[in-house]
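Structural features, examined
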Amino acid sequence: MFALPFLLALSASLPLAFAAPLPLFGINFGSGSTADGTPSAVSQSTVDSTLLRPAQFARVAYCSPASVTALSCGAPCEAINQVKVLTAGGDQGETPRFYVATDPQTQSVVVAHEGTDPDKLLSIANDAEFAQVAMNATLFPSAAKGTLVHDGFQKTQGRTADIILSTVKSALSSSGFSRVLVTGHSLGAAVATLDATMLRMQLPSSVEVDSVVFGLPRVGNQQFADMVDSLFPTFTHVTNQKDPVPSVPPRFLSYQHASGEVHITSVNSAGDGTLVACPGQENDVSRTPV
Ligand SMILES: *[C@@H]1O[C@H](CO)[C@@H](O)[C@H](O)[C@H]1NC(C)=O
């Protein structure tokens, strides 16, 4: 059992991850799932070194752009108080909040996107019957034909794509850093996954692009999942107990997760969690709502 103050604060302080059962979740999304092996325990040092900092950044994306820019959002901002915020925006409507910062602690340029409440996430996930569309060839120049993603998620990502790309490029050059971390929670996790893909395709290979996200819905088809696997060997998406968001859109509509799921199997009354690393792309059974 491990203390996960930031991961849990991320979900507990936000009315997002543990929505009351919604009609859609009556479906058993676990059907047809494949288990590629046995989950393995995640050590405290792995949590500390790979998950806590991204969780801190993802949490700050929920603060208002003005308070992020001034680093005045209270505890969430204090946890990242060494960063320099280069741009922050979004309106909590069509364009969820986001920011780009440089982080001396991890020598990284950080991109973070806010999520949305579960009802909204579901309505977006349901939008146009889970329509999958081709990836925008301008933003994702090396996506192969047949690589399809959720229309609503891509539209949301497209609203900030240009400012994210240009700010990250200038941040890399002004900071001298050669690493980008992209993170987010819920809808923000989907946008972050698309941003990371865009950045990987558009930045020089000397720049390392990593993505660690929380409460990720499925973003695209099997080909998209395989592409994320090959672009990001260390891609990590954390799923929390029975949070329903990672189970939408469902697999029977040709959606597939990339690999890299770390699942919080339980949290005790003291707020300590148990985490396992899940092999392969899909591990529905462990997180299918009861
Ligand atoms: C693709 O992305 C570019 C750059 O952001 C944008 O100008 C264009 O409108 C997008 N295309 C579609 C079909 O959304």
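Predicted, not measured: the structure shown is a model, and the values here were computed from it. (Residues numbered from 1 in each chain as written. Predicted model: local features only at pLDDT ≥ 70, side-chain atom pairs only at ≥ 80, totals over all residues. Heavy atoms only, no water.)

**Thoughts on the pattern of salt bridges**
Scanning all chains against the criterion turns up seven salt bridges. One salt bridge connects R159 with E94, and the closest N-O pair in it is separated by 3.6 Å. You can see R159 sitting in helix α6 (residues 151–175) and its partner E94 sitting in the loop between β3 (84–89) and β4 (98–103), a full 65 residues away along the chain. For R159, a relative accessible area of 36% gives the class partly exposed. Residue E94 is classed as exposed on the basis of its relative accessible area, which comes to 54%. The partner of R179 in a salt bridge is E208, and the shortest N-O contact between them spans 3.5 Å. Separated by 29 residues along the polypeptide, R179 in strand β8 (residues 179–184) and E208 in strand β9 (residues 208–214) bring together distant segments of the chain. One network of salt bridges, in which partners are shared, links R179, E208 and D210. (Salt bridge = Lys/Arg side-chain N within 4 Å of Asp/Glu carboxyl O. Helix = DSSP H or I, 4+ residues; strand = E, 2+ residues; numbered from the N terminus. Buried < 20%, exposed > 50% of the residue type's maximum accessible area, 1.4 Å probe, protein only.)

**Focus: unusual backbone geometry**
Residue P249 follows V248 across a cis peptide bond; omega there is -20°. Note on placement: P249 falls in the loop between β10 (236–240) and β11 (261–267). Backbone geometry places Q92, a non-glycine residue, at a positive phi of 60°. Examined against the element boundaries, Q92 turns out to sit in the loop between β3 and β4. Take Q92: its relative accessible area is 43%, and that puts it in the partly exposed class.

**Regarding the nonpolar core**
It is characteristic of soluble globular proteins that their nonpolar side chains tend to be buried jointly. Membership of the largest hydrophobic core comes to 44 residues, with the highest contact counts inside it found for V168, V180, L199 and V209. Counting only elements with at least two residues in this core, the list comes to β4, β5 (108–113), α5 (118–126), α6, β8, α7 (187–202), β9 and α8 (222–231). Among the elements that make up this core, the one with the highest residue count is α7 (10 residues). If sequence neighbours within four positions are ignored, V168 has contacts with V100, V109, V111, V180, L199 and L203. Residues V47, L51, A55 and Y99 belong to the second largest nonpolar core, which totals 27 residues. (Core = buried A, V, L, I, M, F, W, Y, C linked by side-chain atoms within 4.5 Å. Contact = heavy atoms within 4.5 Å.)

**Some details on the pairing of β8**
Of all the six residues making up β8, five are buried; the element is thus mostly covered by neighbouring parts of the structure. When β5 meets β8, the two strands line up parallel, connected through five bridges. Looking across to β8, one finds that V110 is bridged to L181. Direction of pairing for β8 relative to β9: parallel, over a ladder of four bridges. (Pairing = 2+ DSSP bridges.)

**Brief notes about the state of the cysteines**
Should the sulfur atoms of two cysteines be covalently bonded, the bond is a disulfide. Per the counting criterion, the structure on display carries one disulfide. The disulfide partner of C73 is C77, and the gap between their sulfur atoms is 2.0 Å. Of note, the bridge from C73 to C77 carries an S-S torsion of about 110° and is right-handed in sense. Each of the two residues, C73 as well as C77, counts as buried. (Disulfide = S-S within 2.5 Å.)

**Examining the site of the ligand**
In the vicinity of the ligand, the contacting residues are N136, L139 and D162. Between the ligand and D162 there is a distance of 2.9 Å, counted from an oxygen atom to a side-chain nitrogen or oxygen. (Near = heavy atom within 4 Å. Polar contact = N/O pair within 3.5 Å; in protein donor to acceptor, adjacent residues only side chain to side chain.)

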